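Structural characterization, general
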Amino acid sequence: MPGWLPRAMALALALYACFQLGSWAFDQLIGLLTNVLIAFFLALAIEPAVGRMAARGMRRGFATFLVFLGVMIFGVGFVVLLGSMLAGQIVDMVDEFPKYIDSVINWVNQTFRTELSRVEVQDSLLHSDWLQKYVQNSATGVLDVSTTVLGGLFRLLTIFLFSFYFAADGPRLRRALCSVLPPARQIEVLRAWEIAVDKTGGYIYSRGLMALISGVAHYILLEILEVPYAPALAVWVGLVSQFIPTIGTYLAGALPMLIAFTVDPWYALWVLGFVVIYQQFENYVLQPKLTAKTVDIHPAVAFGSVIAGTALLGAVGALVAIPAIATLQAFLGAYVKRYDVTDDPRVHGGSSRASGRPLPSRMRRLVYGRRGVGRGGAEGRSDGSPRP
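Residues numbered from 1 in each chain as written. Predicted model: local features only at pLDDT ≥ 70, side-chain atom pairs only at ≥ 80, totals over all residues. Heavy atoms only, no water.

Tracing the backbone through its elements, the reader meets F166 in helix α5 (residues 142-168). On a C-alpha basis, the gap between F166 and F41 in space is 9.5 Å, while along the polypeptide they are 125 residues apart. Setting aside residues no more than four positions away along its own chain, F166 makes contact with V36, A39, F40, A43 and L173. (Helix = DSSP H or I, 4+ residues; strand = E, 2+ residues; numbered from the N terminus. Contact = heavy atoms within 4.5 Å.)

Laid out in structure tokens, this is it:
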């Protein structure tokens, strides 16, 4: 056995063990890493506001606290308002539920010539096996729901803590990162950081402005139709449609349609039509103008980045995909050398024949040379004399 073989085998086993250990650690820490990623992008989003307040003489930690306090007040107020709306609507639906049952039973009796009564239907439902099983499963699932809620609150607290530290200690973090890099690399890192702040903040602020416009438009419609809880529904439509990519529009429009349906079924159709029309207006008129200077990426690239982010990190990847791609595109655009494009019709979708320009020599020989061979037995020149 060669002397190097045992050492090579030991090195290979050690590398394999390190790989397995790293994979196990990554699987265990994937939740924490995802929370840190969300916190980092949240800190980048509030960095412009914190920076402006710090530039006016306010302490950076206190400025970050004020920004987070405003975000928390808005979030809690929105949740309370939406919860009260849903609770009131559920109470109304429960109160009106016997009338719904009576109308359905009357329709069934008139259509199928039956003699059903509400008392019989209620007794059959209350003594059915599937209802008992459902109640048992719901009772056993209360603990799971409580655990999920507590886990979500703990995760939200973790994200807020990390994002607070990232925003409050941003200069210190950049200084610590640049201290281990040479001066040339420090400039590149600071440039990338600045681009990330501009693109992420611009994305959040442009989405917030579009959410405001969308909320006002839907609020006017809901007030005209006299749909209850119009302010809460307008806020719901504005936030969900803008900050949940791809499917946010459909999720946002489902709740107002449901509430409008309880008032009048035709109102639900009016809401659906308005949501579709406004979405087209937003996609082709409003969004290009608002995001042209902040997140200027092609719609196909944005859609592909959302799909890729969802495949990698789920809902978190969908949220951070567009600002991440915009940051990468802006950073690479500063180092990719570009040239002037030649004034050729083919650049604009035309053809070289339509412009009257001569074909390349190889194509000219293939096209015109065969004609000369067919007429005179030899390839001719343009003046009719044989080519030597």
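Moving on, there is more to tell.
The next thing to look at is the confidence of the model for the chain. When the pLDDT values of the chain are averaged, the result is 76; 76% of them are 70 or greater. At the level of individual helices and strands, the chain shows its lowest average pLDDT in helix α13 (residues 361-376), which scores 49, and its highest in helix α1 (residues 4-55), which scores 88. Counted against residues more than four places away or in other chains, residues 371-388, with its pLDDT under 50, gives 13 contacts. (pLDDT = per-residue confidence, 0-100.)

Here the structure, examined in full by the defined rule, presents 1 salt bridge. A salt bridge links R60 to E47; its shortest N-O distance comes to 2.6 Å. Taken as a pair, R60 in helix α2 (residues 60-112) and E47 in helix α1 lie far apart in primary sequence, 13 residues in all. A single burial state applies to R60 and to E47, both of which are buried. (Salt bridge = Lys/Arg side-chain N within 4 Å of Asp/Glu carboxyl O. Buried < 20%, exposed > 50% of the residue type's maximum accessible area, 1.4 Å probe, protein only.)

Quick look at the packing of helix α7 (residues 183-224) against helix α10 (residues 265-290) now. Relative orientation of the contacting elements α7 and α10 amounts to 150°, with a least axis distance of 11 Å. Judged by the inter-axis angle, α7 sits roughly antiparallel to α10. The chirality of how α7 crosses α10 is right-handed. Mapping the contact onto sequence places S206, R207, L209, M210, I213, S214, A217, H218, L221 and L222 in α7 and W270, V271, F274, V275, Y278, E282, L286, Q287 and L290 in α10. Here the contact of α7 with α10 is built from residues that sort into 13 nonpolar, 4 polar and 2 charged. (Axes fitted to C-alpha atoms, helices over the stretch in contact; angles between N-to-C directions. Parallel < 35°, antiparallel > 145°, perpendicular 65-115°, else oblique. Left-handed = near helix turned anticlockwise from the far one by under 90°. Nonpolar A, V, L, I, M, F, W, Y, C, P; charged D, E, K, R; others polar.)

Moving on, we come to the layout of surface pockets. Estimated volume of the largest pocket: approximately 2,200 Å³. Looking at the largest pocket, it is lined by 49 residues, and the ones nearest its centre are L42, V71, L239, F243 and L319. Contributing elements (two or more residues each) for the lining of the largest pocket: α1, α2, α5, α7, α8 (230-243), α11 (299-313) and α12 (315-333). The element best represented in the lining of the largest pocket is α2, accounting for 10 residues. Looking at the lining of the largest pocket residue by residue, the classes come out as 39 nonpolar, 9 polar and 1 charged. (1 Å grid on protein atoms, 1.4 Å probe; cavity = no way out; pocket = protein on both sides within 12 Å on 5 of 7 lines; lining within 4 Å. Points joined across faces, edges and corners; volume = space filled by probe spheres on them.)

So, about unusual backbone geometry. Notably, E226 is not glycine yet its phi reads approximately 60°, a positive angle. Tracing the backbone shows E226 in the loop between α7 and α8.

Side chains of a nonpolar character, in soluble globular proteins, are inclined to be buried together. Residues L222, L225, V227, L233, L255, I259 and V271 are the most contacted members of the largest nonpolar core, which totals 13 residues. Where this core is concerned, the elements lending two or more residues are α2, α7, α8, α9 (248-263) and α10. At 3 residues, the largest contribution of residues to this core is made by α9. In this structure, A43, I46, V67 and A167 belong to the second largest nonpolar core, which totals 7 residues. (Core = buried A, V, L, I, M, F, W, Y, C linked by side-chain atoms within 4.5 Å.)

Following the criterion strictly, the structure yields 10 aromatic pairs and no others. Members of the aromatic cluster, each reached through a chain of ring pairs, are F40, F41, F162, F166 and W193. (Phe/Tyr/Trp six-rings, centres within 6.5 Å; stacked < 30°, edge-to-face > 60°.)

Turning to the UniProt feature "transmembrane region" (unreviewed entry) in the chain, a few remarks are in order. According to UniProt, the feature "transmembrane region" (unreviewed entry) maps to residues 35-55, 62-87, 149-168, 204-221, 233-253, 265-281 and 301-328 in the numbering used here. Secondary structure across residues 35-55 divides into 100% helix and 0% strand, with the first and last C-alpha atoms of the span separated by 29 Å. For residues 265-281, the helix share is 100%, the strand share is 0%, and the end-to-end C-alpha distance is 25 Å. (UniProt positions renumbered as here; feature names shortened; annotations may be inferred.)

Bringing a nonpolar patch on the surface into the picture now. A cluster of nonpolar side chains, namely F26, L29, I30, L32, L33, L312 and L313, defines an oily patch on the protein surface of about 640 Å² accessible area. Tallying contributions element by element places α1 first for the nonpolar patch, with 5 residues. By secondary structure assignment, the location of I30 is in helix α1. Judged by its relative accessible area of 34%, I30 is partly exposed. (Patch = residues over 30% accessible without salt bridge, like charges linked within 9 Å, V, L, I, M, F, W, Y side chains within 5 Å. Areas by Shrake-Rupley, 256 points an atom, 1.4 Å probe, with all protein chains shown as cover.)

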